Amino acid sequence: MKMHYFIKELGWKVLFSIVVMLFLIYLKYLAPFNIPLYLEALLAGTAYLLIAHKVIKDAFWTLMKRHRMSEQFLMTLATFGAFMLKDFPEALAVMVFYRVGQAFEEYARGEAHHNISSILNLKPKNVHVLNDENIMRDVLPKQVKIGDIIRVLKGESVPLDGVLLDDCAAIDTSVLTGESEPRSYFKDQVVPSGCINFGEVITLKVTTTYKNSSIMRLLNLIEDAAANKSVPETLIRRFAIFYTPCVVTCAFVLALVPLFFRDALFSDWLTRALVFLVISCPCALVLSVPLSFFGGMGALSKLGVIVKGSVHIETLAKLKEIAFDKTGTLTIGSFKVTRIVSLLDFVSENEILRYAAALEHNSTHPVAISIVNAALERGLHPDVATMVCEHSGLGLSGIVDEVKVKVGSARFINIEDHLTNNNTNNETINRIYVSVNERYAGYIEVCDALKPSASEALENIRSMGISRVLISGDRKEVAKIVQEILPLDKVYAEVNPLEKKEILQKEREHKSPVAFCGDGINDALVLSSADVGIAMGDIGSATAIEAADVILLNGSLITLAKALLIARRTYNLAMSNLVMVMLIKVLILIMGALGIANIWLAIFGDVGVLILSVINAMRSLHFYK
Amino acid sequence: MKVRMDIDGIDCPHCAAKLESLMQKEFGDANLNFAMGSLVVDTTIEDEEAVLEKALSIARNFEDGISIELRD
């Protein structure tokens, strides 16, 4: 905690008043001597006016102009009351601590802002643009057009997304992915904005406008995240609206008691009223609960996890079950062809591969890409397939070299699937079957490795009492193998995209809340139907960002387990803070009503509780350790 | 269309909440983040300067000393 900033925020006037206040306390309670009353009043009054004149001015302006009793007005009223009772140190103290509380709120806001501003610092202030004559000029980010050529110097952050024109570049992507190791980007790859150029000068051709660049999308995400409030936060807001008028009314009622009861001592009941007035601000609640969630979001962002709202932290904290996608989520997602088998004499293995590659040529599915790559690696000239037709969930059909080819699942080729797997490695094998002119010709085996940390991560999640379920489009045998290696409670296999959503709904009926974790490529529907949707992947995947509630930028399952833990700690912190503040305030109110509380206790109940709850709330900023 | 602005000068989170509801009444969808000092408004008004002017007038009527700027 940066003490000197805080003291600077207070200013010399408040510090002077603190000294006077301490002296008056000493005089009243500890000193064996006394000074004349008028001297005490003068001392207190001077110090008071020094720090209170703006507060009093604002108080009456808001009352006259806006017909509202602002917090400043209530504080002014309380201090006037205390002066009337000749409680000079108390009167001064209320104002002093009110100012301290204000300074503290400003400080807390600065800390929260600072947490975000480290990302905000990556917002580019100017861009080095090369014009047609290769002369470099600095322009504002919003003036740069798509297609412009820009330079990023060593150590600078990339201002806009762009295609790399150099052969290679070393880029520090930690702000977008949480990865500490710099990543290599090669020619023609798109370098996202916000990353820092680790190496020498690079040249990029801009692909998006400033408003649509990766860094702006990330910043906007964080900003909009604040709008998605959790249940406690919405409750606090509504509570705060009626708390103040309630307490202030009670204060007035208490002050009027002596008018009706002869035995009541005026000073006693006025003190009780003042206690109520001083505690009438719910600021501690209104500030500390959102701050706890905010700190949690900040800690999560340090791990490379973006949460689109504190309501999702709440859901993650209460999570009972996670449903996982397989490819790209539990597995690395990049396939390799490991075996090609031909069952027909007149068709060679290479031809099987060639036919399959021709059909899969335009597909973006990882399996398709691996088949095409395998063909290229073997030097097989990529053929052109015509009349290519995609049969959803089954496979592709088309014509290659005047031959009718079908590529896909066993069902598609109309044969039985006899794949047995004696695989004890972390590998899951997929078989892609090929038929030539309606005859079953052979198959290609493609394997995808499970993420090395998957087992450990799922075990961690299990120990948190959260069920783990696999929902996969893969064959039953493949799913069974995964279940043998990873700690999963249930496995659904051969599920098509529509069924995925239904299965999720079914699971939600048994346990709630349920999360879905996928890589976002074709999981948009399921992601939005889960209680909380978690997407794996770079900030570049637009579909993932739109559909998901939580984004794991580095795709690590261990990070997911850590994130769940942080979510729980954050939620518990917010709730415990809430309860603590409520209890203290109610306790002091009761004591005040009964006449056992003095103004010092009230000040603690207001400013003391504020400082305590805010410091407690900010602990969540460090939860990533 | 979302208009993003930086807002400064609100002391108390309670007041921030009150100002936010005033903005919501005017613009339909508005979000004031006290900790970040940001005001984001989702409105059909095309002109960003007009939105800023409206927001400023609401803020000035509410309390003294609030400043709002367009985020560039």
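As the structure is a prediction and not an experimental result, all values here were calculated from the model. (Residues numbered from 1 in each chain as written. Chains lettered and ligands numbered in written order. Predicted model: local features only at pLDDT ≥ 70, side-chain atom pairs only at ≥ 80, totals over all residues. Heavy atoms only, no water.)

**Remarks on the overall build of chain A**
- Per the secondary structure count, chain A includes 21 helices and 22 strands.
- Computed over its C-alpha atoms, the radius of gyration of chain A comes to 33 Å, more than 25% above the 25 Å expected for a compact globule of 625 residues.
- Expressed as lengths along the three principal axes of its C-alpha atoms, the size of chain A is roughly 115 × 65 × 40 Å.
- Residues classed as buried in chain A amount to 54% of the 625 residues present.
- Contacts spanning at least 24 positions in sequence make up 66% of the contacts within chain A whose residues lie at least 6 apart.
- Just so you have it, chain A exposes about 29000 Å², and 59% of that area is on carbon and sulfur atoms.
- Positive and negative charge centroids in chain A, built from 61 and 63 side chains respectively, lie 9 Å apart. (Helix = DSSP H or I, 4+ residues; strand = E, 2+ residues; numbered from the N terminus. Rg over C-alpha atoms; globule rule 2.2 N^0.38 Å. Buried < 20%, exposed > 50% of the residue type's maximum accessible area, 1.4 Å probe, protein only. Contact = heavy atoms within 4.5 Å. Areas by Shrake-Rupley, 256 points an atom, 1.4 Å probe, with all protein chains shown as cover. Lys, Arg positive; Asp, Glu negative; His and termini not counted. Charge placed at Lys NZ, Arg CZ, Asp CG, Glu CD.)

**Considerations on the interface of chain B and chain A**
- Counting residues at the interface gives 27 residues for chain B and 30 residues for chain A.
- When chain B packs against chain A, the two sides together hide about 2500 Å² of surface, and 48% of this comes from carbon and sulfur.
- Linking chain B with chain A are zero salt bridges, by the criterion used here.
- Contributing elements (two or more residues each) for the side of chain B that touches chain A: β1 (2–8), α1 (13–27), β2 (29–33), β3 (38–42) and α2 (48–62) of chain B.
- Per-element tally for the side of chain B that touches chain A: the top contributor is α1(B), with five residues. (Buried area = accessible area lost by both parts, 1.4 Å probe. Salt bridge = Lys/Arg side-chain N within 4 Å of Asp/Glu carboxyl O.)

**Here's the deal with the sheet that holds β3(B)**
Residue and element names in this part refer to chain B.
- Pairing is antiparallel in the open sheet, where four strands are placed in the order β2-β3-β1-β4. Of all the strands in the sheet, the pair left with one neighbour each is β2 and β4 (67–70). Neighbour to neighbour, the strand axes of the sheet diverge by 25° on average, direction disregarded.
- Bridge count between β1 and β4: four bridges; the pairing is antiparallel. Bridge pairing in β4 links aspartate 8 to serine 67. (Pairing = 2+ DSSP bridges. Axes fitted to C-alpha atoms, helices over the stretch in contact; angles between N-to-C directions.)

**A few points about the packing of aromatic side chains**
All names here are of chain A.
- Scanning the entire structure with this criterion turns up seven aromatic pairs over all chains.
- Ring geometry for phenylalanine 239 versus tyrosine 243: centroids 5.4 Å apart, planes at 40°, classification tilted. Residue phenylalanine 239 and its partner tyrosine 243 are both found in helix α7 (residues 231–260); the two are separated by four residues, about one turn of the helix.
- Geometry around tyrosine 443 places arginine 431 over its ring, the cationic atom sitting 3.9 Å from the centre. (Phe/Tyr/Trp six-rings, centres within 6.5 Å; stacked < 30°, edge-to-face > 60°. Lys NZ or Arg CZ within 6 Å of the ring centre and 35° of its normal.)

**Thoughts on a negative patch on the surface**
- Among the surface-exposed residues, B:Glu46, B:Asp47, B:Glu49 and B:Glu53 lie close enough to one another that they form a single negatively charged patch.
- With respect to the helices and strands, B:Asp47 occurs in the loop between β3 and α2. (Patch = residues over 30% accessible without salt bridge, like charges linked within 9 Å, V, L, I, M, F, W, Y side chains within 5 Å.)

**Description of a nonpolar patch on the surface**
All names here are of chain A.
- Where nonpolar side chains cluster on the molecular surface, the patch consists of Phe23, Tyr26, Tyr29, Leu30, Phe33 and Leu43 and spans about 590 Å² of accessible area.
- Looking at the nonpolar patch, the element that brings in the most residues is helix α1 (residues 3–30), giving four residues.
- Following the sequence through the fold, leucine 30 ends up in helix α1.
- The exposure class assigned to leucine 30 is exposed, which follows from its relative accessible area of 62%.

**Regarding the pattern of salt bridges**
Residue and element names in this part refer to chain A.
- Taken as a whole and judged by the stated rule, the model has 18 salt bridges over all chains.
- Between aspartate 87 and lysine 28 there is a salt bridge, and its shortest N-O distance comes to 3.0 Å. In this pair, aspartate 87 is assigned in the loop between α3 (71–84) and α4 (88–120) and lysine 28 in helix α1, connecting sequence segments 59 residues apart.
- By relative accessible area, aspartate 87 is classed as buried at 17%.
- Accessibility expressed as a relative area gives 34% for lysine 28, which makes it partly exposed.
- Of the charged contacts in the structure, one is a salt bridge between arginine 508 and aspartate 531, with a shortest N-O distance of 2.9 Å. With arginine 508 in helix α17 (residues 497–510) and aspartate 531 in the loop between α18 (524–529) and β21 (532–536), the pair connects residues that are 23 residues apart, well separated along the chain.
- Residue aspartate 531 is classed as partly exposed on the basis of its relative accessible area of 22%.
- Several salt bridges share partner residues, and in doing so they unite Lys28, Asp87 and Glu90 into one network.

**Describing unusual backbone geometry**
Residues and elements named next belong to chain A.
- Proline 513 follows serine 512 through a cis peptide bond whose omega is -5°.
- Mapping proline 513 onto the fold places it in the loop between α17 and β20 (514–518).
- Unlike most non-glycine residues, lysine 86 shows phi in positive territory, near 60°.
- Position of lysine 86 among the secondary structure elements: in the loop between α3 and α4.
- Phi is positive for aspartate 401, close to 55°, though the residue is something other than glycine.

**Some points on the pairing of strand β18 (residues 467–471) of chain A**
Residue and element names in this part refer to chain A.
- Extensive coverage of β18 is indicated by the burial of five of its five residues.
- Here β18 shows a buried face lined by Ser467, Val469 and Ile471 and a second buried face lined by Arg468 and Leu470.
- Taken together, the four bridges between strand β11 (residues 321–324) and β18 define a ladder with parallel strand orientation. Looking across to β18, one finds that alanine 323 is bridged to valine 469.
- Pairing of β18 with strand β19 (residues 490–492), which is carried by three bridges, proceeds in the parallel orientation. Within β19, the position partnered with isoleucine 471 by the bridge is tyrosine 492.
- Each parallel crossover has a hand, and the one from β18 via helix α16 (residues 476–485) to β19 is right-handed. (Right-handed = clockwise from strand over helix to strand, strands pointing away.)

**Some remarks on helix α6 (residues 214–225) of chain A**
Residues and elements named next belong to chain A.
- The end-to-end C-alpha distance of α6 is 16 Å, a good match for the 16 Å that 12 residues give at a rise of 1.5 Å each.
- The buried count for α6 comes to 10 of 12 residues, which makes it a mostly enclosed element.
- Burial in α6 covers these residues: Ser214, Ile215, Met216, Leu218, Leu219, Asn220, Leu221, Ile222, Glu223 and Ala225. (Expected span 1.5 Å × (residues − 1).)

**A short note on the packing of helix α2 (residues 37–66) of chain A against α3(A)**
Residue and element names in this part refer to chain A.
- Across the interface, α2 lies against α3 with an axial gap of 8 Å and an inter-helix angle of 140°. Looking at the two axes, α2 sits oblique to α3. The hand of the α2/α3 crossing is left-handed. Of the residues in α3, those touching α2 at Ala44, Gly45, Tyr48, Val55, Ile56, Asp58, Ala59, Phe60 and Leu63 are Gln72, Phe73, Thr76, Thr79, Phe80 and Phe83.
- When its residues are assigned to classes, the contact of α2 with α3 shows 10 nonpolar, four polar and one charged. (Parallel < 35°, antiparallel > 145°, perpendicular 65-115°, else oblique. Left-handed = near helix turned anticlockwise from the far one by under 90°. Nonpolar A, V, L, I, M, F, W, Y, C, P; charged D, E, K, R; others polar.)

**A word on the nonpolar core**
- Of all hydrophobic cores here, the largest spans 142 residues; its most connected members are A:Ile322 and B:Ile68.
- Looking at this core, the element that brings in the most residues is helix α20 (residues 557–594) of chain A, giving 15 residues.
- Beyond its immediate sequence surroundings of up to four residues, A:Ile322 is in contact with A:Ile461, A:Ile466, A:Ser467, A:Arg468, A:Val469, A:Ala515, A:Cys517, A:Leu560 and A:Leu564. (Core = buried A, V, L, I, M, F, W, Y, C linked by side-chain atoms within 4.5 Å.)

**Structural notes on α7(A)**
Residues and elements named next belong to chain A.
- Helix length check: α7, at 30 residues, gives a terminal C-alpha distance of 43 Å against a target of 44 Å (1.5 Å per residue), a fit within 8%.
- Of all the bends found along α7, the most pronounced is centred on alanine 240 and spans about 25°.
- Those residues of α7 that fall on the buried side of the exposure criterion are Pro232, Glu233, Ile236, Ala240, Tyr243, Thr244, Val247, Val248, Ala251, Leu254, Val257 and Pro258. (Bend = angle between axes of the 7 residues up to and from the residue.)

**Concerning the state of the cysteines**
- For the structure shown, the criterion picks out zero disulfides over all chains.
- A:Cys246 provides the cysteine sulfur closest to A:Cys250, a residue in no disulfide bond, and the two sulfurs are 5.7 Å apart. (Disulfide = S-S within 2.5 Å.)

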